[in-house]
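Understanding the architecture of this molecule
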Amino acid sequence: MTRITVRRVLNIAAIAVVIALVFSLLGWAMMPQWSTRPYNNHIAVASSDPAIAPAHADIPHEGRYGTRETQLSIETDDGVTLPAILREPIDAPGNRPACLFIHGSGTSGAEDFGDIANAMASAGIVTLVPAKRNDNYTVLHRDYQRFAREYSSSLDVLRSTAGVDPAKTGIYAESEGTWIFTILASKRQDIAFAILTSAPVFKGREQMAMAISAYMHEAGAPASVVKDTAKLMSLNYAPFDLAYADFDADHYLRSLTMPLLVNYGAYDTAMPIEQGVQRIIDAARSAGNENVTVRYFAGNHQMRAGKGLFTPNLPLAQGYTQALENWVNGIAAGAQADGWATPQIAGVHPHQQFAAPQQTKSGIIGSLGVLAGIMIAGPVLMLVAVILGIAMDIVDWLRMRGALGRRVPGRNMPAGWNQPYRRDAGTHVDDDGNRHRRRNAIVVDGNRLYTLRDRRAMHANPVLAWRAMPRGVAGPIAGLGVAIMVITVLLYGYMGAVGVAAVYVMPHPRLFGIGWWVLQALTVVLVLLFAVVAERLWRHRADIMGARRAAGIIMVVAALATCTTLAFWGLFSL
């Protein structure tokens, strides 16, 4: 190995070490100043039976009455008409308790909650399920204040329904609907009771940090992937209008002054099933409300008897509707905090894995828009560089084709241009018979055409520039582009696969562990290729001109953007 080769190898190694160190430090700086932690403050349930019974009341139970459904139209305060379904017990005596249903993020129609609403009606409780407006309701934008106003209109309709006792009319709110309910409760003092099922009760980003950690852990993702994914919750979502990620749940929890029934599914990894209960009890107690009943059921987030979020046709968790009906009828009969024959907290033993963090301060990348831009920049710039390189090759090929067989006099290309050429530091005889010695000359048939450093001449003849370009640069640039493409596709595919496995509860810890190791190995390959390209581009910087220089620079910037993305996801680790 020659001294020059050894020097180049050492230069490449030094560049690779610098790249690895810089992006390792960058990855550390991008980490948020918090982490999801295991939850240890577990709740003790007094009984495994989730049944609810008032101490001193004879109440109707499920199936006591036949039911009838009535289709209604409810007009909101801004003139929009929403369909609704009213379900009533047939021949139930006197003014009856009533319950308005508020949708979560996965439901929106008037026909939703049909099994729950009908079961409650069969126990003597009038139920109303209005549709939720879907216009201007997207993953990026949700107006909870507007929803609170619309459900308030529906509550007025229910309270004014014949046979309903307005003083015994309350709310059933599920998941995201609990946020809407707390806003509604802060504006109205006439809500007799509230059933809160699968309630988030934290800011969106705090609750989702906990949920994502639990999901990824359930999927069998490596610990580093669990940690890195949670950092997404620290970003500023303003560029995407995700304002509801910072919904101030704490502020509105002050409105929990009415009797409360809090329900969670023990299999629900999306919600803080123990931490949330403790927060609700504390908030209610601060508001002077001790009448809080808690039940855990063998169910998922939707209170269905299964662990999968999207498994179809799952029945409701055993005993769920009976507990709802008995609690509402017990409240209607006047049961206070000490008026229950069953424990305050009961049901299936819960086990929350991760705690919702109290703050989610970001690292040096604090904007989702900036992160998205960097993640997109790598593959896009790589594609631009490739297209530019291909375009230049096509142009050169067309120019060479056009020059075939033509003899161009003077300093232009001679007739023998397409014969083998060589770089030569020899002499050249001009038209006057004078000899000139030129370094780095291109010699064709013994005639000097241009020097490599004659930029004007090279721009005047792109064909010659292409032929003179160092062959050792194009290959590494192409290799770097392939590496960027491969690792980008594999990274996004890997994260997508982990996400699907988390949602559908399909753990593959061994597979995801191997996948993460492969991504780390490819990151090392990318760094080495990056170092090779950087060294060669610098060494041949005087020989690469015009569009090809631009293509090389673009490819380097693409590599920088890709390395930044990999650093964010923790593939550069100190």
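Quick note: structure is the one above.
Residues numbered from 1 in each chain as written. Predicted model: local features only at pLDDT ≥ 70, side-chain atom pairs only at ≥ 80, totals over all residues. Heavy atoms only, no water.

Turning next to the pattern of salt bridges. Side-chain pairs of opposite charge can arise whenever the charged atoms involved come near each other. Applying the stated criterion across every chain yields a total of 19 salt bridges. When the shortest N-O distance is used, the salt bridge between D165 and K168 registers 3.9 Å. Judged by its relative accessible area of 28%, K168 is partly exposed. Connected through salt bridges with shared partners, the residues D78, R133, D135, R146 and E150 form a single ionic network. (Salt bridge = Lys/Arg side-chain N within 4 Å of Asp/Glu carboxyl O. Buried < 20%, exposed > 50% of the residue type's maximum accessible area, 1.4 Å probe, protein only.)

Turning our eyes to something else, we now look at the packing of aromatic side chains. Throughout the structure, instances matching the rule amount to 14 aromatic pairs. Here W179 and F247 contribute two aromatic rings whose centre-to-centre distance is 5.0 Å and whose plane-to-plane angle is 35°, an arrangement assigned as tilted. A residue pair is termed long-range when its members are at least 10 positions apart, and W179 in helix 4 (residues 177-187) and F247 in the loop between helix 6 (223-230) and helix 7 (249-252) qualify at 68 residues. Exposure remark for F247: the relative accessible area of 9% places this residue in the buried category. Ring centres of F193 and W327 lie 5.9 Å apart, and the angle between their planes is 85°; this geometry places the pair in the edge-to-face category. (Phe/Tyr/Trp six-rings, centres within 6.5 Å; stacked < 30°, edge-to-face > 60°. Helix = DSSP H or I, 4+ residues; strand = E, 2+ residues; numbered from the N terminus.)

Attention now goes to the sheet that holds strand 2 (residues 81-89). What the 9 strands build is an open sheet, ordered 1-2-4-3-5-6-7-8-9; its pairing is mixed. For this open sheet the edge positions go to strand 1 (67-75) and strand 9 (345-347), each flanked by a neighbour on one side alone. If you compare each strand with its neighbour and ignore which way they point, the axes differ by 20° on average. In this fold helix 4 packs onto strand 3 (96-102), strand 5 (164-174) and strand 6 (194-197), with an angle of close to 140° to the strand it touches most, strand 5. Strands in contact with helix 8 (residues 275-286) are strand 6, strand 7 (260-265), strand 8 (292-297) and strand 9; relative to strand 7, the strand with the most contacts, it is inclined by about 170°. (Pairing = 2+ DSSP bridges. Axes fitted to C-alpha atoms, helices over the stretch in contact; angles between N-to-C directions. Contact = heavy atoms within 4.5 Å.)

Read these as layout, nothing more, since geometry by itself doesn't imply function.
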